[in-house]
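Residue-level listing of the chains:
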2 protein chains.
Amino acid sequence: MPAANLPLLASHSAAYTTGPVAGAEAPSFSPLYRQIKALLLRDLQAGLWGPGGSIPSEMELATRFRVSQGTVRKAIDELATDNLLVRRQGKGTFVATHAEERVQFRFLRLMPDQGAAGGAQRRFIDCRRLRAPADVARVLQLKAAEPAIQVRRVLSFNDAPVVLDDIWLPGAQFKGLTAERLRGYGGPMYALFEAEFGIRMIRAEEKIRAVAADEAQAGWLEVAVGVPLLSVERLSLSYGDRPVELRRGLYNTRLHHYRNELS
Amino acid sequence: MPAANLPLLASHSAAYTTGPVAGAEAPSFSPLYRQIKALLLRDLQAGLWGPGGSIPSEMELATRFRVSQGTVRKAIDELATDNLLVRRQGKGTFVATHAEERVQFRFLRLMPDQGAAGGAQRRFIDCRRLRAPADVARVLQLKAAEPAIQVRRVLSFNDAPVVLDDIWLPGAQFKGLTAERLRGYGGPMYALFEAEFGIRMIRAEEKIRAVAADEAQAGWLEVAVGVPLLSVERLSLSYGDRPVELRRGLYNTRLHHYRNELS
DNA sequence: TAGTGGTCTAGACCACATC
DNA sequence: ATGTGGTCTAGACCACTAA
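What you see is a predicted model; the values in this text were computed from it and never measured. Chains are numbered independently. Their residues run from 1 in the order of the written sequence. Ligands are numbered from 1 and chains lettered from A, in the order in which they are written. Under the rules for a predicted model, residues below a pLDDT of 70 receive no local features and side-chain atom pairs below 80 are neither given nor counted, while totals for whole chains, interfaces and linings still include all residues.

### Some remarks on the relation of the copies chain A and chain B
The operation relating the two chain copies consists of a rotation about an axis and a shift along that axis.
Then, in step 1: Least-squares superposition aligns the copies on the C-alpha atoms of those residues with pLDDT at or above 70 in both. Between chain A and chain B, which share one sequence, the superposing operator has a rotation angle of 180 degrees and an axial displacement of 0.0 Å; the RMSD is 0.0 Å. Put plainly, the chains are arranged around a two-fold axis.
Then, in step 2: A shared interface surface links the copies, since 100% of the contact residues of chain A are contact residues in chain B too. For every residue pair, C-beta atoms are placed from the backbone, and the pair is scored as a contact if these atoms sit within 7 Å.

Spelled out as structure tokens, the structure:
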């Protein structure tokens, strides 16, 4: 049961908090399309339509919310800009998914210095359930005794190891994740998380540094100890900025680079 | 004389290239608002309104182009999304500028690990006019004998050097740029370029790697030789993707990190 | 009070996909 | 032929700014 014919705001002009109200006065005014966006977001977060599923047509939503098509349209426009929905002319509007080619380039920024970006070979080192170190627990907002899952893997290009990933996940939300399931899945990890655990990454923050390879790292990446590596610490967030993954990657940038676009 | 009452396309429906045309069929269809966007872009590029200046009101543009306000609005919306225009309710629409606080954070991604981002102290090492190395000339698309300008500088935070920049500019477009003018200018470099040379950076591509400090670099950044540094190679582009700056930065990431947001 | 951008509507028509 | 998203219009009214 979706968020149908709810009151929204009794009359449209009631949406306007005319003048400063005593106390809270943060967004002094919330246009209709933003309220509708929030309603859609709620249903989206609740998994009402599933990854890749289609949401109701603009006309149907307009009828349901008792607004014009243009207003619904503007709400959907923003959700599409936020990469939560994907519009397809003639077909409908769909819940965005990490299985699409397009999305993968958004999250995998490593590019070969020469040639096109080819697919990586994944090799999982281990997948363990354990108590997270304090810093990881804090960032992932783990409850006191909540276990974490640690996944370690190596990504190779042309049989040369380039990325060493150390991934931490909140155990409560990834019950039953094993190295076998990771190995058995062909596509990107985020697509698996989405399909198997109903958890969708919608944005991430990365902190990048240059570090020297220690002995263990050097071994996995087949470089000498002390070689400069790119350290990429990524915190992935789901709906409502809920943290769901901490990923610490070490990139060998001898033949690759991290590509970023400023605009 | 702006791009006034031009034909656009004789009738509106003429905008629709109905059916595949023999030969070129790239964007088989160009909506009105995109054509208007292109016209505004042309005037913007020509410097018709100057950095920070205000463009005509939506109503005036609608009259001029003989379309409805909504259509002009959509064109401006996209230009605002592209960070070329800034809308200010009640005041007008303005040409975006690098002097704004907001914009600076888009291009300066270095953040202290702890505390808020403070202002940097700039120290210019030199500013020379010389023949660019082949790789620089190629990337900047310099004409055969066109000279380049090399600017080197150090950015410090709390009196500790953190960034060593090696900046290359096409000499033909930056006549009269000297170390003195750079030193004498308080704000960000891009704001100076905009105000003094009429050159506006609108986007940039960065390639990031981890490298070891050589002797000279170590000296400027006050670190030991061999310390891992973040190498950030930025190519800045102006209108029409014309390259106008190649910046090679080395960041000491002991107390700072490069922050990136994936969304 | 006037002018600007911001929201919302109702309706028309086009492009695209599917049946 | 139908239904979907995409474009465009004309007009109304609201919020914000500045004179």
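Picking up after the structure, the text goes on.
### Section: unusual backbone geometry
Then, in step 1: The residue A:Arg66 is not glycine, and still its phi comes out positive at about 60 degrees.
Then, in step 2: Tracing the sequence through the fold places A:Arg66 in the loop between helix H2 (58–65) and helix H3 (69–81). In DSSP terms, a helix is any run of H or I states spanning at least four residues, a strand is any run of E spanning at least two, and both are numbered starting from the N terminus.

### Side note on the domain arrangement of chain A
Residues and elements named next belong to chain A.
Then, in step 1: As assigned here, chain A comprises domain 1 (12–16 + 29–95) and domain 2 (111–258).
Then, in step 2: Domain ranges listed in this record stem from an automatic or a database domain assignment. Taking the mean C-alpha position of each, domain 1 and domain 2 sit 33 Å from one another.
Then, in step 3: Counted by class, the side of domain 1 that touches domain 2 contains two nonpolar, three polar and no charged residues. All amino acids are sorted into three groups, where Ala, Val, Leu, Ile, Met, Phe, Trp, Tyr, Cys and Pro are nonpolar, Asp, Glu, Lys and Arg are charged, and the leftover types, Gly among them, are polar.

### A look at the interface of chain A and chain B
Then, in step 1: Across the contact, 24 residues belong to chain A and 24 residues belong to chain B.
Then, in step 2: Among the elements of the structure, helix H4 (101–107), strand S8 (203–212), strand S9 (228–237) and strand S11 (256–262) of chain A are those that each provide at least two residues to the side of chain A that touches chain B.
Then, in step 3: Among the elements that line the side of chain A that touches chain B, the one with the most residues is S8(A), at ten residues.
Then, in step 4: Partitioned by chemical class, the residues of the side of chain A that touches chain B number eleven nonpolar, five polar and eight charged.
Then, in step 5: Pairing between strands is defined by DSSP: at least two bridges between the two strands are required. When S11(A) meets strand S7 (residues 203–212) of chain B, the two strands line up antiparallel, connected through five bridges. Opposite A:Asn260, over in S7(B), you have B:Glu206 as the bridge partner.

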